[in-house]
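These are the residues of each chain, in order.
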Amino acid sequence: QKLERASGKSLLDSIITEKLVQNEASAKKIVVSDDEINAEIKKIEDQIVAQGGTLDAALGAQSMSRDDLKKQIVFQKEVEALVADKINVSDEEVAQYIKDNKISISEGQEAATGDQIKNDLRNQKLNTEAPALITALKAKAKIQYFVKY
């Protein structure tokens, strides 16, 4: 019972969040293709292999299966698609970031550095917009709790 009380609320919240995002993605006809999922798994696997590990070992260390990883990727891609219009980063934002942070860029590294900054700024926006989306979905949902934790 202690474990249920400690983890129950968190697990329930996680399941509700997944379902709300899934329903919203369905309503907006957002579909995550197998190609997108496999590309993301390949990217993750390449990063782990570059560090001398294997994907299966890394998943095992997290007590996850490949199916769990696929579900996590689908959830992430659905959230990204739902907030896509709010997380775009313009070239002007990148230029402003470089100027504001006085970043010096090596000759020939302009494109790579710009892409990295654009990706970082996009992730910052995603980290702001994703919780806002989830809060908004929870606010408009009719959630009935049968158990109080």
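Please read all numbers here as calculations on a predicted model, not as lab measurements.

Caption draft 1: Seen up close, the side chain of Glu80. Checked against the element boundaries, Glu80 lands in helix H4 (residues 66-82). Its relative accessible area of 15% is what places Glu80 among the buried residues. Other than its neighbours up to four places away in sequence, Glu80 contacts Ile87, Arg122 and Leu126.

Caption draft 2: Just H4, in detail. Taking 1.5 Å per residue, 17 residues should reach 24 Å; H4 reaches 24 Å between its end C-alpha atoms and fits that length. By the burial criterion, the buried members of H4 are Leu69, Ile73, Lys77, Glu78, Val79, Glu80 and Leu82. Lining the buried residues of H4 we find helix H1 (2-27), helix H2 (34-50), helix H3 (55-61) and helix H6 (110-140).

Rules used throughout
Residues numbered from 1 in each chain as written. Predicted model: local features only at pLDDT ≥ 70, side-chain atom pairs only at ≥ 80, totals over all residues. Heavy atoms only, no water. Helix = DSSP H or I, 4+ residues; strand = E, 2+ residues; numbered from the N terminus. Buried < 20%, exposed > 50% of the residue type's maximum accessible area, 1.4 Å probe, protein only. Contact = heavy atoms within 4.5 Å. Expected span 1.5 Å × (residues − 1).

So far we have only geometry, and geometry alone does not tell us how the molecule works.
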